[in-house]
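Letter by letter, the chains look like this.
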Amino acid sequence: MTQQHPEPVPPVLAEHPDAVPLYGPRYRENPAEIFRELRRTHGPVVPVLLEGDVFAWLVIGYRELHELMSDSQLFARDSRIWNQWPNIPPDWPLMTFVAYQPSILFGEGPDHQRRVDAMSGALSEVDQFELRARCEEIADALIDGFAGSGAAELMTQYVYSIPVMTVAWMMGISTSEIDGVARDAVAALDGGEGAAAAYGRLAATMQNLLAAKRAEPGPDVTSRMLAHPAALTDEELAADLLLVAMGGQEPTAHWIGNTLHLMLTDDRFSLTLSGGRRSVGQALNEVLWENAPVQAGLGRWATRDTQLGGRRIQAGDALLLGLAGANADPYVRPASGAPVNNAHMSFAHGSHGCPHPAPEIAEVIARTAVEVLLDRIPDVALAVPADELTWRSSFQMRGLLTLPVKFSPASIAGS
């Protein structure tokens, strides 16, 4: 009989036998509970395994995460220094988020700032009054499609559509390509089997958009980035426009969806006879603290051996931004209730934080989407028990797959 030998354990896993899988159904259903357990068991910096049992550190301490995102010399964005590359298969589901690209995400120093200036400059010229008006038009048109039926599946019929249609308008993307951009953004961020192909299609869409706007500029973000004094190359522009499209779609959609979920399941936000519902603004802020659309992100890589949160970090180790975990850190939380300030980490921090004025633009889109829906259909309610709702399987994103609702049939806007 041939003796069976166990597969050798990679050295990094042998060093961290307590590493916790950051995937699976339990993480999908209740990541907040898992973050609380990890903090109690491991402290602010946790050894974890990504899909395929790839080792990384998850930083869920508020102070530690602030340090991680503030020191770009010690914790770099250049993934080429990752010490795990020999163990990463080319078809790894999260490859699109770690493979080095010439985008603003992986830049450092003056070159990175040059990219930030071009993106921020183009976004700063978006008129937020015009943006809100456009969002209202989109929201009303979508609601008209289901208002008379008394029922809707809000994620597919409403929530996913508003950000992508608004961002497409901002970027000058043609109407015919909007649905494809939305589908590919979801697939790429889920990190599943089709993630790489979806990312490739998005990249091709950005290349085509650049060619169209170079030939015929317009009053849009793409044309302004093309004309910016930073003089970005087409390769740089395509990569950064892809980030605008993905960053503006998925996180904003789930900010809307998670806010509607909160307002439909929490009595504090119920509409009373006296109109005493807590405000949409309060709900939006609470979601960023309690149920943020971006739970964690890849990442940073240590440029040398160091210490963080009492852990020995080796040169080349990957560190994940545990944004949602840091938001729940007792160090920054009151004894009871959700914080009302904006000190959350949901838009990250430091030179690689969400560039100004992207958070403000996202808030205009999210607030408008929620307010228009509640104005048009004030008695909207869940059509299923809250515990039957299903959450997406993604360690990075937190959002619902479906949000079925019922309501009194309403009239079409303007009729």
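Position numbers for residues start from 1 in each chain and track the written sequence from start to end. Given that the model is predicted, a residue must reach a pLDDT of at least 70 before its local features are reported, and side-chain atom pairs must reach 80 or more before they are shown or counted; all residues, however, enter totals for whole chains, interfaces and linings. Calculation of side-chain values draws on the structure's entire complement of heavy atoms; hydrogens and water are dropped beforehand.

Draft legend 1. Layout of the nonpolar core. The criterion is simple. A nonpolar core is a set of buried Ala, Val, Leu, Ile, Met, Phe, Trp, Tyr and Cys residues joined through side-chain atoms within 4.5 Å. Burial classes follow relative accessibility: with a 1.4 Å probe on protein chains only, a residue under 20% of its type's maximum area counts as buried, one over 50% as exposed, and anything between as partly exposed. Counting 82 residues, the largest nonpolar core has Phe 146, Leu 154, Tyr 158, Met 171 and Met 206 as its most contacted members. Numbered from the N terminus, helices here are DSSP runs of H or I no shorter than four residues, and strands are runs of E no shorter than two. Per element, the largest residue contribution to this core is 13 residues, and it comes from helix α13 (residues 234-265). Excluding residues within four positions of it along the chain, Met 171 makes contact with Met 206, Leu 209, Lys 213, Asp 220, Val 221, Thr 222, Leu 241, Val 244 and Ala 245. One finds Leu 22, Val 48, Ile 60 and Ala 296 within the second-largest nonpolar core, a separate group that totals 27 residues. Contact criterion: two residues are considered in contact whenever any of their non-hydrogen atoms come within 4.5 Å of each other.

Draft legend 2. Region of the structure containing the sheet that holds strand β11 (residues 404-406). When DSSP finds two or more bridges between two strands, those strands count as paired. Taken together, three strands build an open sheet; the order of strands is β5-β11-β10 and the sheet is antiparallel. A single partner strand is all that each edge strand has here, and the edge strands are β5 (151-153) and β10 (381-382). Pairing of β10 with β11 involves two bridges; the strand directions are antiparallel. Following the sheet pairing, Leu 382 is matched in β11 by Val 405.

Draft legend 3. Examining the environment of Ser 124 more closely. Relative to the assigned elements, Ser 124 resides in helix α6 (residues 109-124). You can call Ser 124 partly exposed: its relative accessible area is 42%. Counting along the chain gives 84 residues from Ser 124 to Asn 208, while the straight-line C-alpha distance between them is 24 Å. For Ser 124, the contacting residues outside a window of four places in its chain are His 356 and Pro 357. In protein, a polar contact means a hydrogen-donor-capable atom and an acceptor-capable atom, both N or O and within 3.5 Å, with residues adjacent in sequence counting only if both atoms are side-chain atoms; elsewhere, any N or O pair within 3.5 Å suffices. A distance of 2.7 Å separates a polar side-chain atom of Ser 124 from the backbone oxygen of Ser 120.

Draft legend 4. The arrangement of the sheet that holds strand β6 (residues 297-302) in detail. Strand order in the open sheet formed by six strands is β1-β2-β3-β9-β6-β4, with mixed pairing between adjacent strands. One side of each edge strand has no neighbouring strand; the edge strands of this open sheet are β1 (20-21) and β4 (75-76). Lines fitted to C-alpha atoms define the axes, with helix axes restricted to the stretch in contact, and inter-axis angles between N-to-C directions lie between 0 and 180 degrees. The sheet contacts of helix α3 (residues 31-42) involve β1, β2 (45-50) and β3 (54-59), and relative to β2 the element is tilted by about 125°. Taken strand by strand, helix α4 (residues 62-70) contacts β2, β3, β4, β6 and β9 (318-321), and its axis lies near 115° from that of β9.

Draft legend 5. Representation of α6 within the structure. By definition here, a helix of n residues has an expected span of 1.5 Å times n minus one. For α6, with 16 residues, the first-to-last C-alpha span of 22 Å sits near the 22 Å given by 1.5 Å per residue. What α6 keeps buried is the set His 112, Arg 115, Val 116, Ala 118, Met 119, Ser 120, Ala 122 and Leu 123. Buried-residue contacts for α6 involve α9 (161-171), α12 (221-227), α13 and α16 (358-376).

Draft legend 6. Summary view of the pattern of salt bridges. Every case where a carboxyl oxygen of Asp or Glu lies within 4 Å of a side-chain nitrogen of Lys or Arg is listed as a salt bridge. Scanning the entire structure with this criterion turns up 20 salt bridges. Between Glu 371 and Arg 367 there is a salt bridge whose closest N-O contact spans 3.7 Å. A residue pair is termed a helical-turn pair when its members lie 3 or 4 positions apart in one helix, as Glu 371 and Arg 367 do in helix α16 at four residues. Note on Arg 367: relative accessible area 27%, which makes it partly exposed. Here the salt bridges do not stand alone but share partners, grouping Asp 111, Arg 114, Arg 115, Glu 236 and Asp 240 into one network.

Draft legend 7. Looking closely at the packing of aromatic side chains. The criterion for an aromatic pair is that two Phe, Tyr or Trp rings (for Trp, the six-membered ring) have centres within 6.5 Å, with stacked assigned to planes under 30 degrees apart, edge-to-face to planes over 60 apart and tilted to the rest. Applying the stated criterion across every chain, the model contains nine aromatic pairs. Here Phe 146 and Tyr 158 contribute two aromatic rings whose centre-to-centre distance is 6.3 Å and whose plane-to-plane angle is 85°, an arrangement assigned as edge-to-face. Residue Phe 146 is found in the loop between α7 (128-144) and β5, and its partner Tyr 158 is found in helix α8 (residues 154-159); the two are separated by twelve residues along the sequence. Given a relative accessible area of 0%, Tyr 158 falls into the buried group. An aromatic cluster is present here, built from Trp 82, Trp 85, Trp 92 and Trp 301 joined pairwise through their rings. Comment: the charge-over-ring label is applied if NZ (Lys) or CZ (Arg) is within 6 Å of the ring centre and within 35 degrees of the ring normal. A cation sits over an aromatic face here: Arg 63 above Tyr 331, 3.9 Å from the ring centre. Positioned above the aromatic ring of Trp 391 is the side chain of Arg 398, whose terminal nitrogen or guanidinium carbon lies 3.6 Å from the ring centre.

Draft legend 8. Expanded view of the pairing of β9. Across the two faces of β9 the burial is the same, with Ala 318 and Leu 320 and Leu 319 and Leu 321 all buried. Bridge count for β3 against β9 is three bridges, and the pairing is parallel. When the bridges of β9 are listed, Trp 57 appears paired with Leu 319. Strand direction decides the pairing type here: β6 and β9, joined by four bridges, are antiparallel. Bridge assignment links Leu 298 to a residue of β9, and that residue is Leu 320.

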